[in-house]
Protein chains: 2
Amino acid sequence: MVTDRLPHTLRSDALDNRERILDAARALFSTDGLDVPMREVARRAGVGPATLYRHFPTKQMLIAEAFADQLHACRAIVDEGCADPDPWRGLCLVIERICELHARDRGFTEAFLSTYPEVKDVAAGREYTVKAVAELAQRAKEAGHLRSDFVLDDLILILMANKGIHATSTASQVKASRRFAGLAIQAFEACPQHAPLPPAARLASAAPDST
Amino acid sequence: MVTDRLPHTLRSDALDNRERILDAARALFSTDGLDVPMREVARRAGVGPATLYRHFPTKQMLIAEAFADQLHACRAIVDEGCADPDPWRGLCLVIERICELHARDRGFTEAFLSTYPEVKDVAAGREYTVKAVAELAQRAKEAGHLRSDFVLDDLILILMANKGIHATSTASQVKASRRFAGLAIQAFEACPQHAPLPPAARLASAAPDST
DNA sequence: ACCTAAACGGACGGAGGCGTCCGTTATCGT
DNA sequence: ACGATAACGGACGCCTCCGTCCGTTTAGGT
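No experiment lies behind these values; they were computed from the predicted model shown. (Residues numbered from 1 in each chain as written. Chains lettered and ligands numbered in written order. Predicted model: local features only at pLDDT ≥ 70, side-chain atom pairs only at ≥ 80, totals over all residues. Heavy atoms only, no water.)

A. Region of the structure containing the packing of helix H10 (residues 170-188) of chain A against helix H9 (residues 152-164) of chain B. With their axes 11 Å apart at the nearest point, H10 of chain A and H9 of chain B run at an angle of 85° to one another. Taken together, H10 of chain A and H9 of chain B sit at an angle that is classed as roughly perpendicular. Contacts between H10 of chain A and H9 of chain B pair Ala176, Arg179, Phe180 and Leu183 of chain A from the former with Asp154, Leu157, Ile158 and Ala161 of chain B from the latter. Among the residues making up the contact of H10 of chain A with H9 of chain B, the classes are represented as six nonpolar, no polar and two charged. (Axes fitted to C-alpha atoms, helices over the stretch in contact; angles between N-to-C directions. Helix = DSSP H or I, 4+ residues; strand = E, 2+ residues; numbered from the N terminus. Parallel < 35°, antiparallel > 145°, perpendicular 65-115°, else oblique. Contact = heavy atoms within 4.5 Å. Nonpolar A, V, L, I, M, F, W, Y, C, P; charged D, E, K, R; others polar.)

B. Expanded view of the nonpolar core. Ranked by internal contacts, the top residues of the largest apolar core, which has 126 residues, are Leu62 of chain A together with Leu62 of chain B. Excluding residues that lie within four positions of it along the chain, Leu62 of chain A makes contacts with Ile21, Leu22, Ala25, Phe29, Met38, Val41, Leu52 and Phe56 of chain A. (Core = buried A, V, L, I, M, F, W, Y, C linked by side-chain atoms within 4.5 Å. Buried < 20%, exposed > 50% of the residue type's maximum accessible area, 1.4 Å probe, protein only.)

C. How the structure looks around the protein's contact with DNA strand D. The environment of DNA strand D is formed by 21 residues, the closest being Arg11, Asn17 and Arg54 of chain A together with Arg39 and Tyr53 of chain B. In DNA strand D, atoms within 4 Å of the protein come from the sugar-phosphate backbone in 61% of cases. At a separation of 2.8 Å, a phosphate oxygen of DNA strand D approaches a polar side-chain atom of Arg54 of chain A. Counting residues per element, the surface near DNA strand D draws most heavily on helix H3 (residues 49-55) of chain A, at four residues. Here the surface near DNA strand D is composed, by residue class, of eight nonpolar, six polar and seven charged. (Near = heavy atom within 4 Å. Polar contact = N/O pair within 3.5 Å; in protein donor to acceptor, adjacent residues only side chain to side chain.)

D. Expanded view of the protein's contact with DNA strand C. In the neighbourhood of DNA strand C, 21 residues make up the surrounding shell, with Ser12, Arg39 and Tyr53 of chain A together with Arg11 and Asn17 of chain B lying closest. Per the 4 Å cut-off to the protein, sugar and phosphate atoms form 59% of the nearby atoms of DNA strand C. Within the contact set of DNA strand C, a base nitrogen lies 2.5 Å away from a side-chain nitrogen or oxygen of Arg11 of chain B. The element that contributes the greatest number of residues to the surface near DNA strand C is helix H3 (residues 49-55) of chain B, accounting for four residues. A per-class count over the surface near DNA strand C returns eight nonpolar, six polar and seven charged.

E. Region of the structure containing the pattern of salt bridges. Scanning the entire structure with this criterion turns up 28 salt bridges over all chains. Among the salt bridges present, the one from Arg106 of chain A reaches Glu110 of chain A, with a minimum N-O distance of 3.5 Å. Separated by four residues within a single helix, Arg106 of chain A and Glu110 of chain A lie in helix H7 (residues 106-112), roughly one turn from each other. Among the salt bridges present, the one from Arg18 of chain B reaches Glu65 of chain B, with a minimum N-O distance of 3.2 Å. Linking Arg18 of chain B in helix H1 (residues 12-32) with Glu65 of chain B in helix H4 (residues 59-66), this pair joins segments that are 47 residues apart in sequence. A residue is classified by how much of its surface remains accessible, and Glu65 of chain B, at 36% relative accessible area, is partly exposed. One salt-bridge network, held together by shared partners, links Asp23, Arg26 and Asp69 of chain A. (Salt bridge = Lys/Arg side-chain N within 4 Å of Asp/Glu carboxyl O.)

F. Inspection of the environment of Gly48 of chain B at higher detail. For Gly48 of chain B, the location among the structural elements is in the loop between helix H2 (38-45) and H3. In this structure Gly48 of chain B comes out as partly exposed when scored by relative accessible area, which is 30%.

G. Summary view of the domain arrangement of chain A. Residue and element names in this part refer to chain A. Under the domain assignment used here, chain A contains domain 1 (13-66) and domain 2 (68-188). Centre-to-centre separation of domain 1 and domain 2, based on C-alpha positions: 27 Å. In this assembly, 14 residues from domain 1 lie in contact with 13 residues from domain 2. Note on domain 1 versus domain 2: buried area summed over both sides is about 1000 Å², and carbon and sulfur give 54% of it. Contact with domain 2 buries surface across domain 1, with Leu34, Gln60 and Ala64 losing the most and accounting together for 43% of the total. Across the domain 1-domain 2 interface, the total number found is one salt bridge. (Domains from an automatic or database assignment. Buried area = accessible area lost by both parts, 1.4 Å probe.)

Following this line, the structure appears as structure tokens:
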């Protein structure tokens, strides 16, 4: 057998490049979405294509690494919402903050809703988030603030819908998203005058792979 | 000067091909969006690329022609809504029907919201629609059914948001869209318990070109 | 039946994205 | 200071899409 000599410590320049690549990826993904060419990321990072591919053999890996902190932010938001003694207020907070997060980062939205072919890490993070929010929603419903015919897919619906909103600048994007979140929350709020909703559709929220 | 001999009557095979191309374009655009290659349209229509380009020199022209009837449908919906003696019911109908229309036809959504570089005819149709709906909304507001802080951009917001909703099949797409429209309507409905909304953002709804 | 020109579509050259190879450069242990 | 080697990036070949040219086919008037 071969005594594998994997140097688990990167050379300083390599580490440096790796960081620059991630920065470039984050910047481009957040403004232009995930469809930016790998070349473009490399160019922006000031490295050759080969270097980019050496660090991140597939686009998925790059995406997963680039959005690691966004995912943490997402998780933090959800945790914060769940910790709120008032579940309805917690849920509202989650909706508002997550919408804003997505408004600020187009790429993250795409990754999170996996428009893109299964980014594993992101998918895992999403699953956790979804589960936690489900409990929060249940509590809010029991408290009588969330309408009883709310289903979790409605939240996915809102997130997808939020993705559809595009504006020229990040500022107006966030503004629009905020208003949208406001509308969504009021649509979700229990209210006697509300007529029953059309039935919810099953959305591809967490389709488990055969893996 | 030249006595121009433009034959305003197409040869039968040409006319036939033209129809087949439009059918193919409609089918592909509606399921796959506007990004389908021109080649693909030609292939599906059973004609060569050159023939496609001869009939529709630019993609915009093809799009405009392909969505002519959708645009009429859109207009008809708005007219119907405006004709309703109850402006709120009329507005609801418009929202529901337009959302459904967009849900059934992905390409039309993109064209209508001109994700695509200015499709002139579509833009014109949109402008008419927007104006008519604005009046309808005003009446609904005066009747006290539509919340007073509603602005027209909210409707654009909903349309954009509706665009963001994607499902695996047209059926679930429509279903999801219906539920979304239902939520939107309830968010728009005047209701004493509703808190004020965040300020509306100016969306690029009808940016007039310098032309 | 025939002839003209309208209409067709295969084939071409160009642009841009992709992932990889390999000669060169720079790091780091001695 | 220097050599082994990790890391770099320019350049390559492949692919898909684009829009156009031009030799061939076919409609339709006489």
